[in-house]
Each structure stands twice: as structure tokens, then as C-alpha cells.
Amino acid sequence: RHKFWETQPVGQFKDVDDTSVPEGPIEPPAPLSEVKKEPYNLPSPYEWTTCEMDSEETCTEVYNLLKNNYVEDDESMFRFNYSKEFLRWALHPPGYYKSWHIGVRAKASKKLVAFITGVPARIRVRDVVVRMAEINFLCVHKKLRSKRLAPVMIKEVTRRVHLENIWQAAYTAGVVLPTPITTCQYWHRSLNPKKLIDVGFSRLGARMTMSRTVKLYKLPDSPATPGFRKMELRDVPAVTRLLRDYLSQFVVAPDFDENDVEHWLLPHENVVDSYLVESPKTHEITDFCSFYTLPSSILGNQTYSTLKAAYSYYNVSSKTPLLQLMNDALIVAKQKDFDVFNALDVMQNECFLKELKFGPGDGQLHYYLYNYRTRHALKPSELGLVLL
Ligand code: NHW
Ligand code: EN5
């Protein structure tokens, strides 16, 4: 069934209920001298390239490859359209390795035809913090599909991760592979229902008119929580404390320090938005919410070419109920002209999804670890990790 994945150190479907295997690495780290020094062989018309994302030219090539060939929904109505600024941000966290930003070019034309990336992260599984690579942006040009290029790319990124003495990875996919640590559901909250219906992202409900639908999704013009404001650089220490404490309750979650919080959560225009609640009395930072910007191209619509989507990122409530905090997040997202606010059923998100009029989407997201076995699958609510 899975000619490639059967050969990899990942949980295999046949072992899912085997409780005799302990939690932890599937295979031990090898001595660095045993890591292959030469890249894997590509079919002869192609060559490896390391993508320097600081270069405007290379970043544009990556952007265009993904814009035209990356993830679509099951009916090919929408395709993710990560911005260049987003890609630079996603690929340059603290301690990143340029060698993990891997492209494949056609030797003859030098055209970029495939891509895969890793970035370093510390991820805690129960009480063990593991150094991992987060793998993302695997993409093979539509004209080169089904030629078994993806397994070569995965092996090459694995080799380059091993060269940094890192032996585990985390990744997500819309497809089922051996074997998910959990499967999450996408939920969608309409902010601009008329456009969403016009482009086929959502449908007019039964016994609903357009004007009733527009009214149903109306939001106030400004957030309701006293002390709700944008996060600033001076908030990094307090947000780090709040977030670390909050994430400690989940089975799998990132182990963020202040540098990580500054990179991943400080507001970055058109990339990531973060808000917090500062108590008007004590000036204490009690709550936090964030979302990232990921537009999708609308494939074949006469009127609209992009859908502006916000994706729920990390949210922490200690004083303000999460429901109220996320209602304020919806309000600011609406003010910023997003068409839809998306969220997964991870962490404590269940508690606000239905109440704030999110509806389940037709997509799922499966989470995976490479070379790390968990005792059993997790519930989405036990997962404290959001990948981009
Ligand atoms: S998920 C998004 C992936 N990208 C897309 O869906 C974009 C559109 N599709 C494509 O570009 C986020 C192609 O269809 C791709 C496959 C490139 C997906 N993950 O070359 P072949 C990520 O980026 C397996 C993993 O002929 P193709 C996460 C498939 O099961 N494996 O297919 C990435 C089969 O193996 P099997 C995937 O359609 C995580 C083999 O590829 C996969 O031309 C990567 C077929 O290859 C997917 N999304 O190209 C793993 N999709 O065993 C990281 C298909 O079943 C692991 N396959 O025969 C960790 C590495 C680091 C470790 C460090 C210690
Ligand atoms: C990892 N970084 O399928 C990314 N999206 O539901 C890789 N559906 O947008 C993995 N098909 O349900 C990506 N509208 C996996 C996801 C791939 C993209 C994907 C789904 C997630 C999606 C939309 C549009 C469907 C169009 C037809 C959807 C319904 C919204 C409706 C709003 C009102 C209340 C009910 C729900």
C-alpha cells in the first residue's frame, strides 16, 4: 500500500494497537559519520538547489511554484496562496538552517519544479522536550506528479536534518499516511458571507435568504473586552510566560522561549496578528489570541481572484473567557477585511466553535511525527501545536 512510507521510521498501521512498544524514538540516532555525505540522486534531468529565501528572485520563484502547484481543496476550487512575506517569516525562525530550504530545478531551463522545507523546533511530547524539524511546503509541479519525486525529496530533507544531529520531525497533511498522532477538523466562520457564497466557499443554508445570512454573521465594529490591544515587543516576556504555562496542559506542544515568541507571535503585517488583554487595573497580561494570514486563490471565478482567510494560531485565556476572547478576534479580523476565519478543533477550541457560528469544513488535517511513537493516538483537544 505505502511502498515508501513502509520503509520509514514512522508508526505503521499494523502496530497501532501494540501497547508493548514504548513511547519515544522508533530508531536511535546514528553516529554523524554514518549520515550520507552526498545528496540523494534525482532523475537525471533535475538537480538540487538550496533556496536562499532572502533573495527576492528566489523567493519569487518559490512563491510562484506554490501559487500554481500547492495545496487545493478536494474539488479544486481554491489553492493556498502563501505570500512572499509569509514564506520568509515561516522559514526564518530562530536557529533556522538555509540548507533545509530545498528546491529542485530542471537542469536545462533552471526552472524551479519542486520544493520542501524544514525549520527547527523544540516540541514537548508529555514530559520530554524533543528537538525536531517541522517539515512544510512539500510541492512537486503538477506536470511532474506521480514520478516518485516526493520520496526522494523527503529522504533528502531527512538527510540534511540528520546532518544537524536532529532525528525527529513533525508535519501535517490533508492526506492519510502511516500514521496520524491525531486527526483534526477544519472549522470556518464566515465574515463576508455574500462573497463566500458567490465564490462557492459556502452555500446558502436551507430556508435562508442572503439578507438573513448577512445578518446572522454580523459582528460589532470593535472588540468588547476592556484592555484588549495589539501585542507589542515589550509584551514578549509576559506573553511567553502566559503561553508556556497554558501549553503545559497539552500532550504535544511547542516549547517556546522568548526568542520563539518574538518571532512567531509578534505582529507582522499581513502575516501574523496578535492581541492580548492587559488588565486596566493591574496592567497584568491575562489573555492572548493570534491568527495568521493565508489567502487562497479562487480558481475560475469571474468576479473574485482571492479569498482572504485568517487561521487561528495560539490563544490563551486565563481571565477572559475563551469564547469572549475569540469573539474579539473575529471582530478585529472582520475589521481587517478577512472573508473567513478558520480554526482547527485543537487545544480548547471546541468551547467556542459552535457558539461563535463556525461550521465544520470538508477538510481534515492529520498530524504526524517522524521517528517518534506515541502510546496511542491523541484527541485533537490534547494537541497544543499549530503548523503553518
Ligand atoms: S502537506 C502538503 C503537501 N503538498 C501538497 O499537497 C501540494 C500538492 N501536491 C503535490 O505537490 C504539508 C504532490 O502531490 C506531492 C506528492 C509533493 C504532495 N506528505 O512523488 P510521488 C507538508 O508539506 C507520498 C508525505 O509519486 P506526487 C508536509 C505518498 O503517500 N508524503 O507523489 C510534508 C507516496 O508514498 P507511499 C506524501 O503526488 C511532509 C509518495 O509520496 C504526501 O507526485 C513530508 C508518492 O510520491 C504528503 N503530503 O507528490 C514528510 N503526499 O509510501 C516529512 C504524498 O504511499 C517526513 N505522499 O507510496 C519527515 C522528514 C524529516 C525527518 C527528519 C528526522
Ligand atoms: C498544512 N500546512 O480542503 C497544510 N480546506 O475545510 C496541508 N473547505 O477550505 C493540509 N471543496 O468547507 C491542507 N467550506 C489540508 C486542507 C486543504 C484545503 C481544504 C477545506 C477545509 C476548506 C471549504 C471550502 C470547500 C470548497 C469545496 C469549506 C464550507 C464553509 C461553511 C461556512 C459556513 C458554515 C459551514 C461551513
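Residues numbered from 1 in each chain as written. Chains lettered and ligands numbered in written order. Predicted model: local features only at pLDDT ≥ 70, side-chain atom pairs only at ≥ 80, totals over all residues. Heavy atoms only, no water.

A few points about the overall build of the chain
The condition is simple: Secondary structure elements follow DSSP: runs of H or I of four or more residues count as helices, runs of E of two or more count as strands, with numbering from the N terminus. With a 1.4 Å probe rolled over the protein chains alone, any residue whose accessible area is under 20% of its type maximum counts as buried; one over 50% counts as exposed, and the rest are partly exposed. It only takes one pair of heavy atoms within 4.5 Å for two residues to be counted as in contact. Methods summary: accessible areas were calculated by the Shrake-Rupley approach with a probe of 1.4 Å, and residue burial reflects only the protein chains presented. The convention is simple: Lys and Arg are positive, Asp and Glu are negative, and His and the chain ends are not counted. Lysine's charge is taken at NZ, arginine's at CZ, aspartate's at CG and glutamate's at CD.
The helix and strand tally for the chain stands at nine helices and 17 strands. Across its three principal directions, the C-alpha atoms of the chain cover 60 × 50 × 45 Å. Residue burial in the chain is summarised as follows: out of 388 residues, 54% are buried. In the chain, the share of contacts with a sequence separation of at least 24, taken over all contacts with a separation of at least 6, comes to 75%. As displayed, the chain offers around 18200 Å² of accessible surface, 51% of which is attributable to carbon and sulfur atoms. With 49 positive and 46 negative side-chain charges, the chain shows a spacing of 5 Å between the two charge centroids.

Points about the packing of aromatic side chains
Our working definition: Stacked, tilted and edge-to-face pairs are distinguished by plane angle, under 30 degrees for stacked and over 60 for edge-to-face with tilted covering the rest, among Phe, Tyr and Trp rings (Trp via its six-membered ring) whose centres lie within 6.5 Å. The rule for a charge over a ring is simple: NZ of Lys or CZ of Arg within 6 Å of the ring centre, and within 35 degrees of the ring normal.
As enumerated under the stated definition, the model contains 25 aromatic pairs in all. An angle of 80 degrees between the planes, with centres 5.1 Å apart, marks the rings of phenylalanine 86 and tryptophan 89 as edge-to-face. Separated by three residues within a single helix, phenylalanine 86 and tryptophan 89 lie in helix 2 (residues 84-91), roughly one turn from each other. Phenylalanine 86 sits in the buried class, given a relative accessible area of 0%. Under the relative-accessibility criterion, tryptophan 89 is labelled buried at 3%. Taken together, a centroid distance of 5.4 Å and an interplanar angle of 85 degrees make the contact between phenylalanine 256 and tyrosine 314 edge-to-face. Of this pair, phenylalanine 256 sits in the loop between strand 9 (252-254) and helix 7 (258-265) while tyrosine 314 is found in the loop between strand 14 (309-312) and strand 15 (316-317), placing the two residues 58 residues apart along the sequence. Exposure remark for tyrosine 314: the relative accessible area of 1% places this residue in the buried category. Among the aromatic residues, those joined into a ring-pair cluster are Tyr70, Phe80, Tyr82, Phe86, Trp89, Phe137, Phe256, Trp264, Tyr292, Tyr311, Tyr313 and Tyr314. One cation-aromatic arrangement involves lysine 308 over phenylalanine 338; the distance from NZ or CZ to the ring centre is 4.4 Å.

Overview of the packing of helix 6 (residues 236-247) against helix 7
When two helices pack together, you describe them by how their axes are tilted relative to each other and by the distance separating the axes. Operational definition: Lines fitted to the C-alpha atoms define the axes, with helices restricted to the stretch that makes contact. Angles between their N-to-C directions range from 0 to 180 degrees. Note on terminology: angles under 35 degrees are roughly parallel, angles over 145 are roughly antiparallel, angles of 65 to 115 are roughly perpendicular, and the others are oblique. Residue polarity follows a fixed list, in which Ala, Val, Leu, Ile, Met, Phe, Trp, Tyr, Cys and Pro are nonpolar, Asp, Glu, Lys and Arg are charged, and the others, Gly among them, are polar.
Here helix 6 crosses helix 7 at 100 degrees, and the two axes come no closer than 9 Å. One finds that helix 6 runs roughly perpendicular with respect to helix 7. Contacts between helix 6 and helix 7 involve Val236, Pro237, Val239, Thr240 and Leu243 from the first element and Glu258, Val261, Glu262 and Leu265 from the second. Its residues placed into classes, the contact of helix 6 with helix 7 shows six nonpolar, one polar and two charged.

Some words on the domain arrangement of the chain
How we decide: For every domain, the bounds stem from an assignment made automatically or drawn from a database. A 1.4 Å probe defines the accessible area here, and the buried area is the portion of it lost by two parts on being joined, summed over both. Salt bridge, as used here: a side-chain nitrogen of Lys or Arg that lies within 4 Å of a carboxyl oxygen of Asp or Glu.
What the domain assignment reports for the chain is domain 1 (5-175) and domain 2 (183-382). Each of domain 1 and domain 2 has a C-alpha centre, and the two are 26 Å apart. Between domain 1 and domain 2, the contact holds 52 residues from the first and 46 residues from the second. Surface buried jointly by domain 1 and domain 2 totals about 4500 Å² across both partners, of which 55% is contributed by carbon and sulfur atoms. Its largest share of buried area at the contact with domain 2, domain 1 owes to Phe78, Trp89 and Arg124, together 18% of the area lost on that side. Where domain 1 packs against domain 2, one counts three salt bridges.

What about the site of ligand 2?
To keep it simple, the criterion reads: One heavy atom suffices: a residue is near a molecule or strand as soon as one of its heavy atoms comes within 4 Å of it. Definition of a polar contact: a pair of N or O atoms within 3.5 Å, with one able to donate and the other able to accept a hydrogen when the atoms are protein atoms, and with sequence-neighbouring residues admitted only if both atoms are side-chain atoms.
In the region of ligand 2, 26 residues are neighbours, and Asp73, Glu75, His188, Asp362 and Leu388 sit closest. Take aspartate 73: an N or O atom from its side chain is 2.6 Å from a nitrogen atom of ligand 2. The contact in question runs from a nitrogen atom of ligand 2 to an N or O atom on the backbone of phenylalanine 201, over 2.8 Å. Contact with the protein chains covers 85% of the free accessible surface of ligand 2, which is 880 Å². When residues of the shell around ligand 2 are traced back to their parent elements, those giving at least two are strand 2 (78-80), strand 6 (168-173), strand 7 (182-190) and strand 17 (359-370).

Things to note about unusual backbone geometry
A positive phi angle is found at phenylalanine 137, which is not glycine, with a value near 60 degrees. Here phenylalanine 137 shows up in strand 5 (residues 128-140). Note on phenylalanine 137: relative accessible area 2%, which makes it buried.

Considerations on helix 3 (residues 149-162)
The following threshold applies: Working rule for helices: expected span equals 1.5 Å times residues minus one.
Between its terminal C-alpha atoms helix 3 stretches 20 Å, which fits the 20 Å expected from 14 residues at 1.5 Å a residue. Within helix 3, 12 of the 14 residues are buried, which leaves the element mostly enclosed by the surrounding structure. Every buried residue of helix 3 is accounted for by Leu149, Pro151, Val152, Met153, Ile154, Glu156, Val157, Thr158, Arg159, Arg160, Val161 and His162. Contacts made by the buried residues of helix 3 are with strand 1 (46-50), strand 3 (101-106), strand 4 (112-125), strand 5 and strand 17.

Regarding the site of ligand 1
Neighbouring residues of ligand 1: 32 residues in total, closest His2, Trp5, Leu138, Ser146 and Ala150. In this structure, an oxygen atom belonging to ligand 1 sits 2.7 Å away from a main-chain N or O atom of tryptophan 5. A distance of 2.9 Å is found between an oxygen atom of ligand 1 and a backbone nitrogen or oxygen belonging to valine 140. Burial of ligand 1 by the protein amounts to 88% of the accessible area it has alone, namely 1200 Å². Looking at the shell around ligand 1, the elements with two or more residues in it are strand 5, helix 3 and strand 6. Looking at the shell around ligand 1, the element that brings in the most residues is helix 3, giving seven residues. In terms of residue class, the shell around ligand 1 is built from 20 nonpolar, eight polar and four charged.

Topic: the packing of helix 1 (residues 56-69) against helix 2
Put simply, helix 1 and helix 2 touch, their axes get as near as 10 Å, and they point 105 degrees apart. By the criterion of interaxial angle, the relationship of helix 1 to helix 2 is roughly perpendicular. In contact with Glu56, Cys59, Thr60, Val62, Tyr63 and Leu66 of helix 1, helix 2 contributes Lys84, Leu87 and Arg88. Partitioned by chemical class, the residues of the contact of helix 1 with helix 2 number five nonpolar, one polar and three charged.

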